[in-house]
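Geometric and topological summary
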Amino acid sequence: MAKRQAFGEEAQALKQAQRKMAKVIISTKNERGKYSYKETMMDQDSVSEFIQRNKK
């Protein structure tokens, strides 16, 4: 049996709630020469902007 498909504003709200997320890990080298890592969960659409802002 097929599922019923919802139409209208409720269906749009449900689709917006199910956003695609990505885990981004940024590495930085500290003064001792070791690497530290920072993890962030964010929307998949804004990953490239986040990486560009946090590049060193």
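This section reports on the structure supplied with the text. (Residues numbered from 1 in each chain as written. Predicted model: local features only at pLDDT ≥ 70, side-chain atom pairs only at ≥ 80, totals over all residues. Heavy atoms only, no water.)

Here we look at the overall build of the protein chain
The helix and strand tally for the protein chain stands at two helices and two strands. By the burial criterion, 14% of the 56 residues in the protein chain qualify as buried. Relative to all contacts within the protein chain whose residues are 6 or more apart in sequence, the contacts with residues 24 or more apart total 20%. A total accessible area of about 5,800 Å² is found for the protein chain, and carbon and sulfur atoms account for 48% of it. (Helix = DSSP H or I, 4+ residues; strand = E, 2+ residues; numbered from the N terminus. Buried < 20%, exposed > 50% of the residue type's maximum accessible area, 1.4 Å probe, protein only. Contact = heavy atoms within 4.5 Å. Areas by Shrake-Rupley, 256 points an atom, 1.4 Å probe, with all protein chains shown as cover.)

Quick notes on the environment of Lys 34
With respect to the secondary-structure elements, Lys 34 resides in the loop between strand S1 (21-29) and strand S2 (35-43). The exposure class of Lys 34 is exposed, given its relative accessible area of 57%. Beyond its immediate chain neighbours, meaning those up to four positions away, Lys 34 contacts Thr 28 and Lys 29.

Regarding the nonpolar core
Counting six residues, the largest nonpolar core is built from Ala 22, Val 24, Ile 26, Met 42, Val 47 and Phe 50. Going through the elements one at a time, S1 and helix H2 (47-54) are the ones with two or more residues in this core. No other element matches the three residues that S1 contributes to this core. (Core = buried A, V, L, I, M, F, W, Y, C linked by side-chain atoms within 4.5 Å.)

Describing the pairing of S2
The sheet contact formed by S1 and S2 spans nine bridges and is antiparallel. Considered in S2, the bridge of Val 24 is made with Thr 40. The antiparallel pairing of S1 with S2 creates a hairpin that spans five residues between the two strands, and Gly 33 there sits at a positive phi of about 95°. (Pairing = 2+ DSSP bridges.)

Some points on the environment of Lys 20
As for its placement among the helices and strands, Lys 20 is situated in the loop between helix H1 (9-17) and S1. Sequence separation between Lys 20 and Gln 44 is 24 residues; the distance between their C-alpha atoms is 5.7 Å. Ignoring anything within four residues of it in the chain, the contact list for Lys 20 reads Met 42, Asp 43 and Gln 44.

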